[in-house]
Each structure stands twice: as structure tokens, then as C-alpha cells.
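Listed below are the residues making up each chain.
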Amino acid sequence: MVAFVFIYAMILVVILGGIMMKKACEMSTKELAQYIDYSVLKPEFTKEEIIKLTKDGVNLHCATICINPAYVEMCEPLVANSDTMLCPVCDFPFGASSTDSKVKQAEILCQYASVKEIDIVSNFGLIRSNDFEAVYQDIKAVIDTCHAYDKPVKVIFETDALNIEQIKKMCAICVRAKADFVKTSTGFLTGHELKGGYPELIALMIKEVNGKCKVKASGSIRDQEKFFKLIDLGVNRMGIGYRSVPVVLGLNK
């Protein structure tokens, strides 16, 4: 089924390619970088490391620097007057806090002018329990809070912990909740096979949201071949680890 959806999505890309976008291989480094949320999320990073990596993402013209909430204020001056903004994560990486605490954290993050978008983690334990109404109410509360400040929201599913039917259901829930993006992974899941944002999954998610929100791939995107393939497939954004950013942009050649 997933393979069929992938073929279907690729046919659409071929048919609509001239209208949609130019191919990844034809894009400049700066254009490619605008697909990247530069991930600086390891909890052991020092302040000096975070500053260095944020400056690197800014110099490369990445869309955002994805950081933990504790460092938004420190990094805000680093992205000023640049093409790059901040994308803090909310209730990362487990998504298992109370709705009230998620809403409060999101509201605090929305106060910063440098914040372009907020990535929230869905309660994937509830998703695995098939308690979809509770999941909807949880993410809807955070989305409504962020939208009150005109901040777009990406909802992380943690797809490697889910089955295909749960992923499809979550796409429908996010459209219903008016999420701006659906997103695959945190990159911090343990105890499961980690496939991250692989092309067949992204094709499925693109099909399921049907243009009603955007799609972000994250996890295991470490080479330029996959990076280009996902762009040509129609992905809107990708979360890329700091070590892999120069690789996918072809700067390590």
C-alpha cells in the first residue's frame, strides 16, 4: 500500500513538476538551505556549541534553527537581520506533559519575534493507545494558542513508533486541528527501528493531508540523494542534524 502511494505521488510530481517547482539538482545552495530546519537539539550541548552551530545555520541561510526553549533568548540576537529564524520545540521529545503545561510553554515561546514556527510533540503514547480524541484535544489547544500569535505549528507524530493506520489517522487529526505542518520524528526515539523521514512515508503523508497542511520530514536524512529525492517528491521542510547539513548541501565535496 505504501509503495503504491509512493508511485502515485511520484506520478503527480512528474505531471505537475513544471508548475510545482524546479528540481532539487537545479537549485542553488541558498535555495536548498531554505528547506532545512538546522537541528541543534542535543541536551548535552554547551552554550558555546549552540552559539557556534546557530551562527553556522545562519551563514548557510537555513530556514530555521531548531533549538530547545532554554536557548531562545540567547540565540535571538544571532538570527537578527538574517534569512534564518528560530524554531523552538515544545514538550520535546516525549510529548507526554499535560496539555496545560504544553500550552503555557508554547505561549511563552510565541512572545519572541525571532520565532518563525514551533514544533510540538504529540502524545504518541495516546496515539498508540488509539485515543485519538484525546490527542486531538491536546494538539488543538497548543495550535490555537500559537495561532493567536500568528505562529505556525508543526506537529511531530514520532512515526517510527506508529503503524500506517495511526499515521494516516494523525494526518486527518492535524488537518482537523488546523496544524500548519505534519512532521515525522523527533530523532530521539529509542527501542524501535529508526527509519525517520523515508520517501514512501513522506509520499503517504503528502497524499493524506491533500494540500491542507505542509509536510516536514525528519530523522535519518543524512545524504544528498535522499534530501534531493524528498524535495522532488514535494516535501516542504526537513529537519537535518548539524553534522549532516553540509553533506546534504554538497559542501563536503
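Let us look at the structure shown here. Note that the coordinates shown come from a computational prediction; the quantities given were computed from them, not determined experimentally.

1. Regarding the overall build of the protein
Here comes step 1: For the protein, the helix and strand inventory stands at 11 helices and eight strands.
Here comes step 2: Radius of gyration (C-alpha) of the protein: 17 Å, near the 18 Å computed for a compact globule of 253 residues.
Here comes step 3: With respect to the three principal axes, the spread of C-alpha positions in the protein is 45 × 45 × 35 Å.
Here comes step 4: In the protein, which comprises 253 residues, the share counted as buried stands at 51%.
Here comes step 5: If you take every contact in the protein between residues at least 6 apart in sequence, the share linking residues at least 24 apart comes to 71%.
Here comes step 6: Taken as a whole, the protein presents about 11500 Å² of accessible surface, with 53% of it coming from carbon and sulfur.

2. Notes on helix α4 (residues 72-79)
Here comes step 1: Looking at α4, one finds that the buried residues are Val-72, Cys-75 and Val-79. Taken down its axis, α4 places every buried residue within 70° of arc, on the same side. Of the exposed residues in α4, the ones pointing more than 90 degrees away from its buried face are Glu-73 and Pro-77.
Here comes step 2: One or two steps after α4, the chain reaches Asn-81, where phi turns positive at roughly 60°.

3. Section: the side chain of Asp-138
Here comes step 1: Turning to its location among the elements, Asp-138 is positioned in helix α7 (residues 132-148).
Here comes step 2: In terms of polar contacts, Asp-138 uses its side chain to reach the side chain of Lys-102, at 2.5 Å.
Here comes step 3: With sequence-adjacent residues up to four places away left out, Asp-138 is seen in contact with Thr-99, Lys-102 and Asn-123.

4. Side note on unusual backbone geometry
Here comes step 1: Between Phe-92 and the following residue, Pro-93, the backbone shows a cis peptide bond with an omega angle of 5°.
Here comes step 2: Positioned with a positive phi, Asn-130 is a non-glycine residue whose angle comes to about 60°.
Here comes step 3: Note on placement: Asn-130 falls in the loop between α6 (124-128) and α7.
Here comes step 4: A positive phi is found at Lys-178, a non-glycine position, where the angle reads about 65°.
Here comes step 5: As for its position among the elements, Lys-178 is in the loop between α8 (164-176) and β6 (181-183).

5. A short note on the pattern of salt bridges
Here comes step 1: In this structure the tally under the stated criterion is 15 salt bridges.
Here comes step 2: One salt bridge in this structure joins Lys-154 and Glu-117, with 2.7 Å as the shortest N-O distance. With a gap of 37 residues between them, Lys-154 in strand β5 (residues 153-156) and Glu-117 in the loop between α5 (99-109) and β4 (118-121) connect regions that are remote in the sequence. No difference in accessibility class separates Lys-154 from Glu-117, as the two residues are buried.

6. Considering the state of the cysteines
By definition, a disulfide links the sulfur atoms of two cysteines through a covalent bond.
Here comes step 1: All chains considered together, the criterion is met by zero disulfides.
Here comes step 2: Free of any disulfide, Cys-66 has its nearest cysteine sulfur in Cys-87, 4.1 Å distant.
Here comes step 3: Cysteine Cys-110 shares no disulfide, and the gap to the nearest cysteine sulfur, in Cys-146, comes to 3.9 Å.

7. Describing the sheet that holds β6
Here comes step 1: Strand order in the closed barrel made by the eight strands is β1-β2-β3-β4-β5-β6-β7-β8, with parallel pairing throughout. Going from strand to strand, the sheet's axes swing by 25° on average, the running direction of each strand aside.
Here comes step 2: Pairing between strand β1 (residues 36-40) and strand β2 (residues 64-67): four bridges, direction parallel. Residue pairing across strands places Val-40 opposite Ile-67, the latter belonging to β2.
Here comes step 3: Each of β6 and β7 (214-218) is contacted by helix α9 (residues 199-209), which is oriented at about 160° to β7, the strand it contacts most.

8. What about the pairing of strand β8 (residues 237-241)?
Here comes step 1: Among the five residues in β8, four count as buried, and that is most of the element.
Here comes step 2: Bridging between β7 and β8 involves three bridges; their strand directions are parallel. Opposite Ala-217, over in β8, you have Met-238 as the bridge partner.
Here comes step 3: Between the parallel pair β7 and β8, the chain is carried across by helix α10 (residues 224-233), and the sense of this crossover is right-handed.

About the thresholds
Residues numbered from 1 in each chain as written. Predicted model: local features only at pLDDT ≥ 70, side-chain atom pairs only at ≥ 80, totals over all residues. Heavy atoms only, no water. Helix = DSSP H or I, 4+ residues; strand = E, 2+ residues; numbered from the N terminus. Rg over C-alpha atoms; globule rule 2.2 N^0.38 Å. Buried < 20%, exposed > 50% of the residue type's maximum accessible area, 1.4 Å probe, protein only. Contact = heavy atoms within 4.5 Å. Areas by Shrake-Rupley, 256 points an atom, 1.4 Å probe, with all protein chains shown as cover. Arc of directions from axis to C-beta. Polar contact = N/O pair within 3.5 Å; in protein donor to acceptor, adjacent residues only side chain to side chain. Salt bridge = Lys/Arg side-chain N within 4 Å of Asp/Glu carboxyl O. Disulfide = S-S within 2.5 Å. Pairing = 2+ DSSP bridges. Axes fitted to C-alpha atoms, helices over the stretch in contact; angles between N-to-C directions. Right-handed = clockwise from strand over helix to strand, strands pointing away.

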